[in-house]
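If you want the building blocks of each chain, they are given just below.
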Number of protein chains: 2
Amino acid sequence: MLDLKLYLLDKRKQIDASLHRILETAPRPTARIVEAMRYALMSGGKRLRPVLCLAACESVGGNAEHAMPVACALEMIHAYSLIHDDLPAMDDDCLRRGRPTCHIAFDDATAILAGDALLTLAFETLSSREIRKKVHAEHWLDIISVISVAAGYKGMVEGQMRDMLAERQGCLLLSELEELHLLKTGALIEASVCSGALLGQGSFDQIVSLKVYSKNIGLAFQVTDDILNVEGDPLIMGKGAGTDQHRCKSTYPSLLGLPEAKEVASRLIAHAIESLERFDHKANPLRAIASYIINRNR
Amino acid sequence: MLDLKLYLLDKRKQIDASLHRILETAPRPTARIVEAMRYALMSGGKRLRPVLCLAACESVGGNAEHAMPVACALEMIHAYSLIHDDLPAMDDDCLRRGRPTCHIAFDDATAILAGDALLTLAFETLSSREIRKKVHAEHWLDIISVISVAAGYKGMVEGQMRDMLAERQGCLLLSELEELHLLKTGALIEASVCSGALLGQGSFDQIVSLKVYSKNIGLAFQVTDDILNVEGDPLIMGKGAGTDQHRCKSTYPSLLGLPEAKEVASRLIAHAIESLERFDHKANPLRAIASYIINRNR
């Protein structure tokens, strides 16, 4: 039996150590921009995307160590997106994981630049000379392609744009809300799983299955986020519970009601686990993470 | 004899067509985010960085057509940096090339996201499947590495960070001003020249010479910018002349006086041209561009 808690702890430790090492080797590690990058990046998040990347790599028989640069790049992109989303011009959030957001701890200009720098550092990490010894250049380019498409205007950025527009327009249809989440959080989660599997040299069929897996957990993650926002403990969530309702934001609970939203989340997770039926025990972490996604923080 | 005007016109036309094509193939080319990206990208800039990239590729005997994705990526990164630099939290500029800046034409959130999207699209462009037919994957990774290092916290972003801090601190030493410009504009100009030469498979010696060339023109470009800001025609410059003085910004003319600043710019250009002495006629565009840099807009 897999002990997910231990598995996550172990992976997070490795990811944090790698991220720390990358920033530690900056030409001026105490420069203001590096301080702001470190502040945002080393803030004790769940590291869901990098863990998924490593677990997906292992699920197809790959060596998770080789996937570590990909895992780090994904977390940098996630951290950059949070910094920019929190800005006054965007969601205007003051708290993130129980701490002042980057633009509060520093200032708006530094936060914008720290986000830009983390996004750029992700691609620096994915193209450095040393990582090419163990994995062929062609694979790295495929991974850069998958990640840049998912993070950009065909994925995450378009999702955030729609989120901003939705806030002005008011209520969304369920299909619009789903599309928004598939772009805003789903695309990078899918890229995390796919890039890990690509690096582990998974077969075409395996990658198709993992795409189904990641689409389902990505959406379940967001539905759960909405549910936790209604009933979550603000201390655990690190931001005020009920903030979405206060803002009249379209959410799964607001469109479906709480019981149906929970039902949707459970169905999505069941689909995700089903999609892995041809995988052996090496996919157990992915299966356990799927269940964890809707049971977290409760 | 090379007709630089015709050369620049021809290259700009090709670059604009390529950039246009990339945005035209967006999944939703009329989406707000794509409109904002197009607005910032297709605003009739000088296209200095992509032209340098293509000219550097030709100077070592490479095929400039193969370098076009690199040229486009460099212009996307330049455009993103201008969008973010113009934001109210940064330089708070309302005009750019005689038109309202992106956050004025759209809004702050859209401008932040359009910048993010252009930066990400640069790396999507550099890793797409189709460009690998003509140039080996290993070279593309080298180019991604050179560009991401130059654009990030070891280069352009750090330069903008120092520029922001300098505005608060007041006067800089000449050496600090030089370092700031080498980071803020020099790094990406150097990356433009080097990535073009890498793609054209220039020799180690050629790339060393081209680095000297690009360092000198990068600095000359900035010195000239400062000079034009003092004596330029606001109609040609597209922004108010004298704005730097108004802001008490450290500039070459303010630290050295106008005549000495002009002398410095000329010396830098002479060094740049000297560094190409072992190159044949194929480097004539690079030589002509060097002279153009200090004679532009006058």
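In this text the structure is predicted, and so the values were computed from the model without any measurement.

### Quick word on the overall build of chain A
- The helix and strand inventory of chain A stands at 15 helices and two strands.
- A globule of 298 residues ought to have a C-alpha radius of gyration of about 19 Å, and chain A, at 18 Å, matches this closely.
- Judged by the C-alpha coordinates and their principal axes, chain A covers about 50 × 50 × 35 Å.
- Nonlocal contacts in chain A, meaning residues at least 24 apart in sequence, comprise 73% of its contacts between residues at least 6 apart.

### Here we look at the relation of the copies chain B and chain A
- At an RMSD of 0.0 Å, chain B and chain A line up after a rotation of 180° and a shift of 0.0 Å along the axis. Such a combination of rotation and displacement between the chain copies is what one expects of a two-fold axis. If distances are taken from each C-alpha of chain B to the rotation axis, the shortest is found for B:Ala137, at 2.8 Å.
- When the interface residues of chain B are mapped onto chain A, 100% of them are again interface residues, pointing to one common binding face.

### Points about the interface of chain B and chain A
- Contacts between chain B and chain A engage 43 residues on the former and 43 residues on the latter.
- Mapped onto the side of chain B that touches chain A, the elements with two or more residues apiece are helix 2 (32–41), helix 6 (108–125), helix 7 (137–151) and helix 8 (156–169) of chain B.
- Here the side of chain B that touches chain A gets 11 residues from one element, more than from any other, and that element is helix 6 of chain B.
- Of the residues contributing to the side of chain B that touches chain A, the split by class is 27 nonpolar, eight polar and eight charged.

### Concerning the nonpolar core
- A:Ala40, A:Ala114, A:Leu118, B:Ala40, B:Ala114 and B:Leu118 are the most contacted members of the largest nonpolar core, which has 190 residues in total.
- Once you skip the residues sitting within four places of it in the chain, A:Ala40 turns out to touch A:Ala79, A:Leu82, A:Ile83, A:Cys102, A:Ala114 and A:Leu118.

### Description of unusual backbone geometry
Residues and elements named next belong to chain B.
- A positive phi is found at Arg-47, a non-glycine position, where the angle reads about 60°.
- Structurally, Arg-47 can be placed in the loop between helix 2 and helix 3 (48–59).
- Classification of Arg-47 by C-beta neighbours within 10 Å gives buried; the count is 22.
- You will see that Gln-201, though not glycine, has its phi angle at about 60°, which is positive.
- One can find Gln-201 in the loop between helix 9 (174–199) and helix 10 (204–231).
- A tally of 15 C-beta atoms within 10 Å means that Gln-201 is categorised as partly exposed.

### Looking at helix 15 (residues 284–295) of chain B
Residues and elements named next belong to chain B.
- Here helix 15 contains 12 residues, and its C-alpha end-to-end distance of 17 Å stays within 8% of the 16 Å for a straight helix at 1.5 Å per residue.
- Those residues of helix 15 not exposed but buried are Pro-285, Leu-286, Arg-287, Ile-289, Ala-290 and Ile-293.
- The inward-facing, buried residues of helix 15 contact helix 1 (4–24), helix 3, helix 10 and helix 14 (258–274).

### A short note on the environment of B:His281
- Structurally, B:His281 is set in the loop between helix 14 and helix 15.
- Residues B:His281 and B:Leu2, spaced 279 residues apart in sequence, show a C-alpha to C-alpha distance of 9.4 Å.

### With respect to the confidence of the model for chain A
- The share of residues in chain A with pLDDT of 70 or more is 94%, and the mean pLDDT across the chain is 92.
- We note a pTM of 0.94 for the whole complex and an ipTM of 0.94 for its interfaces.

### Considering the packing of helix 10 (residues 204–231) of chain A against helix 15 (residues 284–295) of chain A
Residue and element names in this part refer to chain A.
- At a closest axis distance of 8 Å, the pairing of helix 10 and helix 15 adopts a crossing angle of 20°. Relative to helix 15, helix 10 is oriented roughly parallel. Here helix 10 and helix 15 pass one another in a crossing that is left-handed. Where helix 10 approaches helix 15, its residues Tyr-213, Ile-217, Ala-220, Phe-221 and Thr-224 are matched on the opposing element by Leu-286, Ala-290, Ile-293 and Ile-294.
- Split into classes, the residues belonging to the contact of helix 10 with helix 15 amount to eight nonpolar, one polar and no charged.

### Comments concerning the environment of B:Ala55
All names here are of chain B.
- Relative to the assigned elements, Ala-55 resides in helix 3.
- Taking the number of C-beta atoms within 10 Å as the measure of exposure, Ala-55 has 27 and is therefore buried.
- Setting aside anything within four residues of it in sequence, one finds Ala-55 in contact with Pro-285, Leu-286 and Ile-289.

### A word on the packing of helix 10 of chain A against helix 14 (residues 258–274) of chain A
Residue and element names in this part refer to chain A.
- Between helix 10 and helix 14, the least distance of the axes is 8 Å, while the angle of their chain directions is 155°. Our classification of the angle between helix 10 and helix 14 gives roughly antiparallel. As helix 10 runs across helix 14, the sense of the crossing is left-handed. On the side of helix 10, the interface is formed by Tyr-213, Asn-216, Ile-217, Leu-219, Ala-220, Val-223, Thr-224, Asp-226, Ile-227 and Val-230, while helix 14 contributes Leu-258, Ala-261, Lys-262, Val-264, Ala-265, Leu-268, Ile-269, His-271 and Ala-272.
- Along the lines of polarity and charge, the residues of the contact of helix 10 with helix 14 split into 14 nonpolar, three polar and two charged.

### A short note on the environment of A:Lys249
Residues and elements named next belong to chain A.
- Relative to the helices and strands, Lys-249 resides in the loop between helix 12 (243–246) and helix 13 (252–256).
- Given 18 C-beta atoms within a 10 Å radius, Lys-249 is considered partly exposed.
- Along the primary structure Lys-249 and Lys-262 are separated by 13 residues, whereas in three dimensions their C-alpha atoms are 18 Å apart.

About the criteria used
- Residues numbered from 1 in each chain as written.
- Chains lettered and ligands numbered in written order.
- Predicted model: local features only at pLDDT ≥ 70, side-chain atom pairs only at ≥ 80, totals over all residues.
- Helix = DSSP H or I, 4+ residues; strand = E, 2+ residues; numbered from the N terminus.
- Rg over C-alpha atoms; globule rule 2.2 N^0.38 Å.
- Contact = placed C-beta atoms within 7 Å.
- Least-squares fit on C-alpha atoms with pLDDT ≥ 70 in both.
- Nonpolar A, V, L, I, M, F, W, Y, C, P; charged D, E, K, R; others polar.
- Core = buried A, V, L, I, M, F, W, Y, C linked by C-beta atoms within 7 Å.
- Buried ≥ 20, exposed ≤ 12 C-beta atoms within 10 Å, placed from the backbone.
- Expected span 1.5 Å × (residues − 1).
- pLDDT = per-residue confidence, 0-100.
- Axes fitted to C-alpha atoms, helices over the stretch in contact; angles between N-to-C directions.
- Parallel < 35°, antiparallel > 145°, perpendicular 65-115°, else oblique.
- Left-handed = near helix turned anticlockwise from the far one by under 90°.

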